Structure formats: C-alpha cells, structure tokens
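In case you want the letters, here they are:
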Amino acid sequence: MTTDKKIMLSESDIPTHYYNIAPDLPTPMEPPLHPGTKKPIGPEDLAPIFPMELIKQEVSQEPMIEIPDEVRDIYRLYRPSPLYRARHFEEMLDTPAKIYYKSEHVSPVGSHKLNTALMQAWANKQEGVKRLATETGAGQWGSALACACQLMGLECMVYMVRISYDQKPYRRVMMKTYGADIVPSPSKLTKAGRAILEKDPDSPGSLGIAISEAIEDAVGRDDTKYSLGSVLNHVLLHQTVIGQEAKKQMEIAGDYPDILIGCHGGGSNFGGIALPFLRDKIKGKKDLRVIAAEPGACPTLTKGPREYDFGDTAGTTPLMMMHTLGHGFVPPPVHAGGLRYHGSAPLVSHLLNEGLIEAEAYFQGEVFESAVKFAQSEGTIPAPETAHAVHSVVRHAERAKEEGTSPVILFNFSGHGHFDLSAYDAYFSGTMDPNA
Ligand SMILES: *Cc1c(COP(=O)(O)O)cnc(C)c1O
C-alpha cells in the first residue's frame, strides 16, 4: 500500500517475457485466410513480408515468449513507465472513483508504439533484413518505427498518407531526424500508388492505400520486409509489457481495477494493458470490466459486424476475422488519426465476441472536453486518441458518483498530444465538428 502519486518500478522489473493470451483463450481464434484460395494461410504465405520469428509469434501457443536482451536493454530508455494515481483529476471530477493511469507517453516518440517497433526491428535484423517498409497515417507509428530502425541499425521507408504529410509536418521532420525516408502516399514508387494517382492525381490517400504500397515495396525487394504497428497478434503480444508492469504497480498501490479502459484504433495499446488482466478474469480469479473506447466516426467494435475482411484497401492482405466497417470504408477526417482504421485486431474482436470485454464509442466534441479537463488537472496533454480513453473514464467516474459507488478505474495513457495541438486549436476555435 502506498500513497505515492506515481508508482515507479526499477529497471530490473522490466518484464522478461511477453504474455501470450492464446493458450488461455476459452475458445481458439479463427485463422486468417489466403485472399485467393480462402484457405487458412501457412507461414510460407507470410514469409515474403514478415521475418519467421514474428510469424511464429503470430500463431504461438507458448504462454510466455522471452524478450531478447538487446530489446530489454533499449526498453530501459523509458521502461518501466510510471503508473500515476490521478488524484487531481478525481478532485476536478468530484468523483468517489479512484483513478489510475499507466503512462506510455514517456517513450522517446511519445506513445506506446515503440514497444513493438523495437521488437519488430530486432527480429528483422536477426534474419538479415536491412530495411523495413511501413505506412503511417498521423505519423505516430512511422516515427516509432523510424526511431526503432535507427537504434537497431536498419533503414526505414515510410509511406505517409498524403493529407497527413501535408498537414503534419512535424511528425515528418521527426521521422527524418531518425534517418527514415518518407514519401507521401499515394506515391509514384509503387504500382498501387500509380493506379490511384492515375485516377485521382490529388488523392488525399488513406491508411489502406499506404499499407498496399508498403507491402508492395517489401515484396519487391530482397533486403526489405514490411512492418505493421497494430492489429496483428504479435503486435498486441509485444504491448503486454504495459499490462504486466501495471499489474505490479497496482499491487504496490494496494488496489486492483474494477474497470480497465483503453482507447481502440487497431487494438494494440488496449490489448497491451488489458491482456495480462484478462488472464485473471478468464481464470476466474478476478472480476473486472474491460472497456475499449473508440471514435463515433469510426465505430468498428460497436457498429461493425465481425466477419472476414482485408486489412488493406487493395485487398492484398490475408482475410482476417474481425469487427470491420469494410475495407473500402473511409472514415471522416476526425482528429484522432490513429483511430481511423476500418478494422480491429482479430484478438480484440474475439474477446468482444466471448463477452470478456465491452466497447464504447464517443464523439470528438465530448472527447476533447474531457481531454482539456485532464490536462488542466494532471498536466499532461493527451493525444486525441488517448482522449477517448480519458472521456470513457470521465463517464464511469460520473456514474460512480450518481450511484454512490467507488470503483477503482485504471486506464492506459497511450500517448501525449504535443504534435496534435492543431486539433486542440480547432476545438478551442469552434472549427471542430463536435459530432464527428
Ligand atoms: C496509434 C495510437 C493509438 C491507436 O492504436 P492502437 O493500436 O489501437 O493502440 C492510440 N493512441 C496513440 C497515442 C497512438 O499513437
């Protein structure tokens, strides 16, 4: 039991293994299918784009997967991340709920994404890969992979959605600082990009298009593989360092969450904090509500059916069983760019189907109102994505007050909003559509 504001662990508490929930699942997940044959894919189908180590992790039934020393060593730059008791936020909300948050914004790139970028870069390097190709929307994933590649000695090629490339120059400069090559997508470098540009030379691009370009780049070169920042099992696996640390920290705090909340784009930061706690729920050791908060403008989990769909626009990826709005769905340009993906992680979709988790959708007006409250009480400005989790916390804290209960709420603070101040500007000046 501690009354500390922030609960710190020492470097020796950095997890030694990633937690794999697959063997603990009540029922197994549906396999990904080959886009042509519609049969379950094998490792050889993924080998052109991913290194074998990550393909193995994707389907592994091992409960714990060791974290390589070199990755753990670099994790020491920012891990273990602090866990805070949000007393000032509680006071501002005048709630009887106890609120805690796990601070993933302390990574050098400002979000949780570096946790998986480092492991992915390492696995590729082991197998002789020299260069990674990827896509980025708002730029968070691109800057995480660019940083990881630089620290691991790999080259990095980023296809950045055109509209973000033009509107978010600072993320672009950040990637450049880490030595990455960046092109606006659609680009002339790939067939997929050229096909779009022929039809629409002024295409603003989309995440789905950029994924198609990055995969084509990786398949076309021997020295290059592809890297994805969310959605896949191995990405969620790497993010479980968050939840494992948080469990230890909550123990030191002398509390266990009644309600656990994460924002949801592709599902990786949510899975990262939730999976180690869900193990307790599956084993019947603890009863807690686990909630994914998504944007009303891209309501994958709350409105999308769970069915087989492609991960990209061009329909080149394996078909995955997931909640999806359809691979042709282009979400409205809301400010939480990292939450604008048509699908959700097959693992998160499976957990929702099993009744182990819940989902909520919120609109950006209410989300930014809560984000400002958080910044004004706890000091840190949330990323627009993270602000969805913050708003869900506010709603549950208000309900606790109405109902006279005092639940322990833990949420994942996935990133800071220092590169998204134009979104806050739009909120303050009234040019933001509050209902998008
Ligand atoms: C990318 C991002 C997200 C959304 O991605 P997930 O895979 O759902 O975690 C959320 N928050 C921040 C800060 C991000 O950078």
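Further up the page is the structure itself.
Figured I'd write up the structure that's included with this text. (Residues numbered from 1 in each chain as written. Predicted model: local features only at pLDDT ≥ 70, side-chain atom pairs only at ≥ 80, totals over all residues. Heavy atoms only, no water.)

### Quick notes on the site of the ligand
Taken together, 19 residues lie near the ligand, and K113, S230, G265, S268 and S414 sit nearest. Taking H112, its side chain carries an N or O atom lying 3.1 Å from an oxygen atom of the ligand. G267 places a main-chain nitrogen or oxygen 2.9 Å from an oxygen atom of the ligand. Taken by itself the ligand offers 380 Å² of open surface, and the protein chains cover 98% of this. The pocket occupied by the ligand, as judged from atoms lying within 2 Å of grid points, is the largest cavity. (Near = heavy atom within 4 Å. Polar contact = N/O pair within 3.5 Å; in protein donor to acceptor, adjacent residues only side chain to side chain. Areas by Shrake-Rupley, 256 points an atom, 1.4 Å probe, with all protein chains shown as cover. 1 Å grid on protein atoms, 1.4 Å probe; cavity = no way out; pocket = protein on both sides within 12 Å on 5 of 7 lines; lining within 4 Å. Sits in = over half its atoms within 2 Å of the grid points.)

### Side note on the sheet that holds strand β6 (residues 131-136)
Spatially, the 4 strands line up as an open sheet ordered β8-β7-β6-β9, and their pairing is parallel. Either end of the sheet is taken by a strand with one partner, and the two such strands are β8 (181-185) and β9 (224-226). In this sheet, adjacent strand axes meet at a mean angle of 25° when their direction is disregarded. Sheet topology note: the β6/β9 ladder contains 3 bridges and is parallel. Looking at the pairing, R131 lines up with T224 of β9. Packing of helix α10 (residues 207-219) onto the sheet brings it into contact with β6, β7 (155-161), β8 and β9, and relative to β6 it is tilted by some 170°. (Pairing = 2+ DSSP bridges. Helix = DSSP H or I, 4+ residues; strand = E, 2+ residues; numbered from the N terminus. Axes fitted to C-alpha atoms, helices over the stretch in contact; angles between N-to-C directions. Contact = heavy atoms within 4.5 Å.)

### Quick notes on unusual backbone geometry
Along the chain, R79 connects to P80 via a cis peptide bond; the corresponding omega equals -10°. You can see P80 is positioned in the loop between α3 (69-75) and β4 (83-85). Following S185, the chain continues into P186 via a peptide bond in cis, with omega recorded as 10°. The backbone phi angle of K38 is positive, close to 60°, even though this residue is not glycine. With respect to the helices and strands, the residue K38 is situated in the loop between β2 (17-19) and α1 (43-46). The residue D94 is not glycine, and still its phi comes out positive at about 50°.

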